[in-house]
Every structure is written in C-alpha cells, then in structure tokens.
Amino acid sequence: MEDLFANQYPAANSKNLYADIILPVPIPKWFTYSVGLDIQDQIGIGYRVMVQFGKKKILTGIVAKVHQKAPDVYQPKPILDLLDDFPVVNALQIKFWSWMSSYYCCHIGEVMNAALPSGLKLSTESKVQVHPDFDFDNPGFPMDDREILLLETLSKHDEMNVEQFDQLLPGKTSHKIIKSLLGKGAILVYESVREKYSPKTEQRVRLTSKYIKKEGLLESLFEDLKGKEKQEAVLLKYLQQVSVFQKPEANAKGLEKKVLTDHGCSPSSIDTLVKKGVLESFKVLVSRFEVPSVSDHGIELSPVQGEALQQIHAQFEEKNTILLQGITGSGKTEIYAQLIQDVLQSGSQVLLLLPEIALTTHLVHRLQKIFGDKMGVFHSKYSDNERVEVWQGVLKGKYNFIIGVRSSLFLPFDSLGLVIVDEEHESSYKQFDPAPRFQARDAAIMLSWMHQAKTLLGTATPSFESYYNAQNGKYGYVKIDKRYGNAELPHFFLADILQDKKKNLLKLDFTRLLREKIQTTLNRQEQVLIFQNRRGYAPYISCDECGWIPECEHCDVSLTYHQYQDELRCHYCGFKEKVPISCHACGSQKITTVGTGTERIEESLSLLFPEARIARMDLDTTRSKYGYQRILEEFSAGNVDILVGTQMITKGLDFDKVSLVGIVDADRILFYPDFRAGERAFQQITQVAGRSGRRDKTGDVIIQTRRPDQLIFRQIIAGNYNDFYRLEMAERKQFFYPPFVKNIKIITKHKDFKTAETAAKFLKNLLMDIAAKKIILGPEKSLIGKIKNLYLFEIWIKLDRSGKVQQFFKQQLMDRIAELQADKRFRMVRFLVDVDPY
DNA sequence: AGCACGCCGACT
DNA sequence: GTCGGCGTGCTC
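No experiment lies behind these values; they were computed from the predicted model shown. Residue positions are given per chain, counted from 1 along the sequence in the order it is written. Chains carry letters and ligands carry numbers; both start at the beginning, A for chains and 1 for ligands, and go up in the order they are written. Side-chain atom pairs in this predicted model are given and counted only at pLDDT of 80 or more, local residue features only at pLDDT of at least 70, and totals for whole chains, interfaces and linings cover all residues. Only hydrogens and water are removed before side-chain values are computed, so all heavy atoms of the structure are retained for them.

### A look at the packing of aromatic side chains
Quick reminder of the rule: Any Phe, Tyr or Trp ring, taking Trp's six-membered ring, that has another such ring centre within 6.5 Å forms a pair; planes under 30 degrees apart are called stacked, those over 60 apart edge-to-face, and the others tilted. Strands here are runs of E lasting at least two residues and helices are runs of H or I lasting at least four, both read from the DSSP assignment and numbered beginning at the N terminus. We call a residue buried when its accessible area falls under 20% of the maximum for its residue type, exposed when it is over 50%, and partly exposed in between, using a 1.4 Å probe and counting protein chains only. Either the NZ atom of lysine or the CZ atom of arginine qualifies as a charge over a ring when it sits within 6 Å of the ring centre and within 35 degrees of the ring normal.
What the rule picks out here adds up to 23 aromatic pairs. Between the aromatic rings of Phe96 and Trp99, the centroid separation amounts to 6.0 Å while the plane-to-plane angle is 15°, which identifies the pairing as stacked. With Phe96 and Trp99 both in helix H2 (residues 91–103) and three residues apart, this pair spans about one turn of that helix. According to the relative accessible area criterion, Phe96 is buried, its value standing at 1%. Taken together, a centroid distance of 4.7 Å and an interplanar angle of 70° make the contact between Tyr103 and Tyr104 edge-to-face. In this structure Tyr104 comes out as buried when scored by relative accessible area, which is 1%. An aromatic cluster is present here, built from Phe464, Tyr467, Tyr477, Phe682, Tyr721, Phe724 and Tyr725 joined pairwise through their rings. In this structure, Lys810 is placed above the aromatic ring of Tyr103, and the distance from its NZ or CZ to the ring centre is 3.5 Å.

### With respect to helix H27 (residues 753–768)
Using the following cut-off: One less than the number of residues in a helix, times 1.5 Å, gives the span that helix is expected to have. Contacts were defined at the residue level, with two residues in contact if any of their heavy atoms lie within 4.5 Å.
Its 16 residues give H27 an end-to-end C-alpha distance of 23 Å, which sits within 8% of 22 Å, the value for a rise of 1.5 Å per residue. For H27, the set of buried residues is Thr755, Ala756, Glu757, Ala759, Ala760, Leu763, Lys764 and Leu767. Packing partners of the buried residues in H27 comprise strand E30 (742–750), strand E31 (774–787), strand E32 (790–799), helix H28 (803–822) and strand E33 (830–835).

### What to know about the nonpolar core
As a reminder of what qualifies: The term nonpolar core refers to a set of buried residues drawn from Ala, Val, Leu, Ile, Met, Phe, Trp, Tyr and Cys, joined through side-chain atoms within 4.5 Å.
Among the nonpolar cores identified, the biggest contains 144 residues, and Phe96, Trp97, Phe401, Ile403 and Leu409 are the most heavily contacted of them. Ranked by residues supplied to this core, first place goes to helix H14 (residues 332–345) with seven residues. Excluding anything up to four places from it in sequence, Phe401 contacts Ile340, Leu344, Val350, Leu352, Leu367, Phe371, Lys374, Met375 and Gly376. Core analysis: the next-biggest nonpolar cluster, separate from the first, contains 19 residues, Val205, Leu221, Leu225 and Ile270 among them.

### Overview of unusual backbone geometry
Asp433 connects to Pro434 through a cis peptide bond whose omega is -5°. Relative to the helices and strands, Pro434 is located in the loop between strand E16 (416–422) and helix H17 (440–450). Backbone torsion omega between Ala435 and Pro436 reads 0°, so that peptide bond is classified as cis. Its location among the elements puts Pro436 in the loop between E16 and H17. If you check the backbone angles, Asp566 has positive phi at about 50° while not being a glycine. Looking at where Asp566 falls in the secondary structure, it is placed in the loop between strand E22 (560–562) and strand E23 (567–569).

### Brief notes about the sheet that holds strand E24 (residues 576–578)
Let me state the cut-off plainly: Here, strands pair whenever DSSP counts at least two bridges between them. For helices, the fitted line uses only the C-alpha atoms of the stretch in contact; every axis is such a line through C-alpha atoms, and the angle between N-to-C directions lies from 0 to 180 degrees.
Ordered in space as E22-E23-E24, the three strands form an open sheet in which the pairing is antiparallel. The open sheet has two edge strands, E22 and E24, and neither has a second partner. Ignoring strand direction, the axes of neighbouring strands in this sheet form an average angle of 35°. Sheet analysis places E22 next to E23, joined by three bridges and oriented antiparallel. Residue pairing across strands places Tyr561 opposite Leu568, the latter belonging to E23.

### Focus on the side chain of Glu334
Tracing the sequence through the fold places Glu334 in helix H14. Once residues within four sequence positions are removed from consideration, Glu334 is found in contact with Ile299, Glu300, Leu301, Gln305 and Arg366.

### Thoughts on the protein's contact with DNA strand C
Defined as follows: Any residue with at least one heavy atom within 4 Å of a molecule or strand is counted as near it. Between N or O atoms, a polar contact is any pair within 3.5 Å; within protein, one atom must be a potential hydrogen donor and the other a potential acceptor, and residues adjacent in sequence are included only when both atoms are from side chains. Each residue is assigned to one class: nonpolar for Ala, Val, Leu, Ile, Met, Phe, Trp, Tyr, Cys and Pro, charged for Asp, Glu, Lys and Arg, and polar for all the others, Gly among them.
If you check the shell around DNA strand C, you find 15 residues, and the closest are Thr32, Tyr33, Tyr74, Lys77 and Arg827. For DNA strand C, the backbone portion of the atoms within 4 Å of the protein, that is sugar and phosphate, comes to 54%. In the environment of DNA strand C, a sugar or linking oxygen lies 2.7 Å from a nitrogen or oxygen atom belonging to the backbone of Thr32. Note that a phosphate oxygen of DNA strand C is positioned 3.1 Å from one of the side-chain N or O atoms of Tyr33. Among the residues forming the surface near DNA strand C, the class breakdown is eight nonpolar, four polar and three charged.

Next up, the structure:
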C-alpha cells in the first residue's frame, strides 16, 4: 500500500517542530515525528498521539520530547492526531520510565507497556467495508466462490474486522482474498481506533418534574392507574424508596432501576411508565469501587510505636530512606498510618507498596477504615477497566493515597511525599518476565528521589542489600524488637526427620513431635498452619523397577503429579498429561509418587487427623480473583482447623487463634543452589514462624529437618538476625556476591542447543574486552536447560558497584548484543538481560 | 515484535 | 503454472 500521508509532509514541516514518541514496540530507537501546525500549540510531554508506523500500522504512542532538531537522514512522518486535552502521563513519569529503561537494560517502549493500563493504550484494528461504488450485479471482474461468500457476508454488515473473516474462511486464506478484492476496488480497508476503557454506568429512574411541581397531579395519576396493578406497584415502590416531596433533591438523584426490579417490579411496566412520561430513565457514571465508610478510627500508638515514629521523623531530617525493622507483630501498620496521615495533611501523595499476596489482608482493611475513599487500591487481579479508574483517580486527585502492588509505581503521581515499601525483603518485588525486569523496592527509592520524597522500607527480616545500606549509613535505621502488647516470641522446636525415620516414628512426612503438637493444638481448639513450599501432590513420579521419571516434552524438568485432577503437569510451560498406567521405559505398572507437595500434605493430614477441618492455600486454590480472600475468611472465621500452604500463608495472616506453625521440610528452602538461599531461608522461616501466637498467647513453631545441626537454625531460633547477617556477609564478600558487587545475568534462548550456546560464548568474548572492573562467569546451561522448547544458557557478570562503571558497562553490553543480533546466525537468538537478578 | 518482500518446493 | 513456506530487512 502506498503511503497515505505523503502529501502532508510539506505542510507539517513548515514550522519545524518535532516530537520524539515512545511507541509500544521493542525496538531500541527513538522515533521522531513531525508536529503539524494545527497541534503545535497544544502538544507537550505526556500526550497520547496517533502515528503511522511502517506502511499501514497505526499506533498510539506518548510524547517524550518536543524539539526543533530535524532528523538528518530521513523525512519524519507527521503525527496524525492528538488524542488528549491533557497529558495522561506527566514529565516525572517519563523521567522515571527512561531511568528504568537504562538501569534495567530494556527499551522504553517495554516500560511504557508495563506502565500504562491497556485501557489507555489505544489499539487499531483493520476494518473492511464494501466499496460504495461496488455493484454486486455488475462486478466488472470474475469472482470465485470465496470472493462471493466474503462479499455477501460483508454486505449484510456495515463493517467487519479481519478476524471475523478468519473464522468465516478456513486457514489464512481470508487475508489473500481481502487483498485481491481491495486491488479490484470492491472493498475498502481502513484502520479504526477503539477506546478500550468503558466507564461503568447505572440505569436510574426518577419521577418527571411535573408531578412534583403540580399539586394533585400525582393523585389523579393513581386514579388513571386503577386496574393496572403492576404499574401502580412500581410507582408505590418508587415513592416508598424516595420521599419526593420532602426531599426534591432525592428525586433528582432518582433510584437505581435494579432496586425496583429486585423488589419484584417488572422491567416492562417500568418501561411503560417511562413511555407515559411518568418516570424518566437516565444513566449515571458510577465507580467500580465501593466507597467504604470512613469511620473516624483514630490511630493510637503504643509507647514503643510512638518512640519508633519519633526516630523515623528525626532520621528523615537527614536521610531520604529509612529501614524499619520491626519483628512480626510489632505493629508497623499503626506507624505507617500515622506517617501517611501526616504526609496527606501536608498535601502530598503517598504510595504504599505491598507484595501481591499481602494485599487482600486485614492491613488493607485497617487502612481503608482510616483513610476511606481517599485511598485507592491497585491490585494485580483488577480488570483493566478497574485499573484505568484507579489511574484516573490519581490523575484527578481523587486518590492521594495508593496502596498497591509493584506496578502501582507507574501511576501518575505528581507530588509524592512518602513511599512505603512493606515487606521490603520480599522477592516477588522483582519482576522477571516480561521486561522491564525491575526490582520494585529499588525503583521505588528512585521514584521517591525524583519526587524529593522520603522512602520507608519495612520488614521483620531485612534484605541483605537494605541492611547493608543501613549499616553503612546510606539509609537510616529504626528497630522495634518488642511485639505489640508485649506478646512473646514463639517457642521453636527442631524435629529431626532422619532420627524419626530410623525409629519408625515418621508417619506420612510428619515427625512424632509435630504430630503430637498438632493434636494438642486441635484439642485446645486452636489453629495450625502447615508450611510446605511446593505445590501439587508430589514433585514427580517414578517407576519402581527401572527408575524412569516422566518429563515434560517441552522443558527440561520432571512433571509434577497433581492428584486432584489425576494428571502430570509442567510448572514451567503448563503442559499436562494423564498419569501413565505403565512405565514408558520398561512397561512395569509399579509407578509411585516421590516427594511431597501441598496436596499430599493435605491428604496426609486428613488421614492423621480425620476429625480436623483442613484447607489448602496455594497457587492452585487461589487462581480466581477472590480465591485468597475466601480461604482467609474461612480460616479467620474458625471454619478451618489446619491450613496447609506454600509461601502464600507467610504473608499478612494475623489470626489470634494460630498457636502452632509446622514447617514440613526446612531443608528444601535451605539447600538450594543460589547464593541467596540462606537469606531466603532465614526470612521465610522467621516470617512463617511469626504467624504463631499473638497478644497474650505464646505459639509454637516446629521445624522439621534432616540437618538439625545447621547453624542457621540456631540463629533463627534466637532471632539473631545480626549474627546470621555478619557470617553470611563475610562469605558474600569473599566470593564476590551482592551487595559487594552488582550482578547482571544474561540468558540466551534458542531452539537449538548449539546456537544458544554459541551465541552465549560469542557474547562472553565480546564482553571480556569491555574495560570495566568485572568478573564474568559462564556461559553455562541454565538450571532448567530447556523451557518451552527453547534452550537456555546463562552468563553471570559481577560488576564493580560504582555507578559510573555500571552505566558504562550496560551501554557497552547493549551495543555488543545489538552487534551479535546483526549476525544472521544469531538473528533468532533472544538475549535477556536481567539486572540485579534473583 | 509484526509485517511485507522475495526466493524455493508440492500441488491443482 | 501457482500457492504458500519462512528467511531477512525495516519500522521515524
């Protein structure tokens, strides 16, 4: 197709204004378009524009920069349309995006994709129409059956989109036919933009004003309605719900139609009254969020909390970021609430980041009670329309306090005063796929700095990075080591799995100690949490005769057995298959499950404690929007005695009746081939242990392990973070691990093993030449060597911490990757760059 | 990432 | 012959 806008170039160029546009394409370039005279006065940073990209594609992008520097090698295309009266994105956001793209080595278009709710990203679709000049009886060219079918279908509709034709005709033939018909002038093809966000509306009715203004009219109306019982009922119901004479303004607001129909009024009789001019029907825009009532719950701080708050205020005088280490149950929520209130009163905005799992819990409800409709919630399970509404809410100043998951960093804040990152150690703050592969805690600190705001990192078990920064004075540091109301820390017990096994005391993965403790807890009518960080029934199944293990066809992993659906599943690509009846290698029928997942734990518990009510919380039981909430509510209502779960149960559960926490297999957490394994084990065990015992009760924690001699257990039990930190840090320093170096991981991905490997080797050689203080490890096959039929190789880079070195190296790195991708051997290789990987 | 262009096999 | 495969180059 020819360039439709070729004739517009000269006019658009006459005043030489250009705009750099961020487009949602993964191309590491800026795209400069010319700004037409008609929009030159209006256009600015953050406006959405429509541009032609390539030969026919129309995209919406965001203006990143307006300038007068003409591109010297090409003639820019004009901006087709300015879509907004006000910018949807502010200059600070653009700055934040561009920081993120350069720090995390990705394209700014990818950041934009992550940042904008897709409701704001207008897309175009190709529409097809019969050409107005086309005459069916006299087409002027011979038509085949498919062309006739297509044209006939098309003439029955005003317009159709290309996807509809794909359903009409088999295969991909429709595209071809559309093209040929277009050439013959029988049809028109054009791009149409569609706004995806649709506001929610509500149908309401009200009494027309004449019945209120004119006395007696209503009485005579009832006369007229005699015998028409249904209509009479509608009217009576309305008058009962809305006191139209006492409060005329109430009538103006009307009544939701649904209220009438819910009370048994028929929709048709309502419509009749509307036709008669008695009622009038109208639509109003409503929010998708229920407005919680603000109950003026004051915030009350205990002396310990008050003391911590004082310290925070004092340290914010000098430091921009503070690490608040408060043990589980020390009441960080109240401190947050007080800080938030102070900042809101000064007129600034506040962002509170939470890991996704913690977002449905009581913390949100607590804060909602205090801050009411000033507070917006941004959840990852929200629909796109809901996200747009939160976005608009921030933009219009309806919400000045947002509590949300990591993507809420991208909301259009213009004057943040405080960012709080709760559970700052949580590894889910790191996004891996897709790019941008950002660490939300670190990005929050940057965002905060751009707003000249303060950042508070809260946790019971700090990440090594944050603790290190607190120790060396870069961050402030405040510690609370008393539980709220002086509740005591739980008692820890180590249960030796191997010992019990030898003595035949291990039953279905449970040691005698854990079984006995569960029983006594149940007898006291208290609740139990059982932690097992592995979902499914069993990690894998295996043939007793020859040891054959079913593996995924597309990935380099064994399949996990899920008993509930009686199938084998790949946790990496979602592949499923029926459980084999006999071994594929030797034909034996003796196939048994190996290892233990949450499903199996649930089953074992029901065998060991048949009278107990047991529930399970893991990815499989919480997929739906309110999945977590349902299980948590059941648990907190006391309808469940034992809750089994993965790390999900370590977050935000605050239940008074939990007095026992059991960790089925602590070794699974500890012995993991990763330098952070120790740190993670300390955090996870401490976190889950913190769920045991509240207020006046002291809880118990049972850790089952094969290696009770491990030093880390003693440190966890003593709550001695400091000792643990010191020892672990010495090791990290010795072996060049973060926070002493900056890690960058590069993954090459390709469908051939050899190509993926060679690409990685070539890249490594190129990287060795970069003049920067670094250590390069690999390439090595990834831990999981193949995922979704793509082979994976990894290169690890340990880089000097200085900002200058990092910036230089990253720039070089991206250049070298571009260089390699230009080589046709590696064209199909994907290079993933992961800065500060987990 | 899409998408069009271009050069080779297997069918009416 | 042509239809349709996917290698390769480009997008302001």
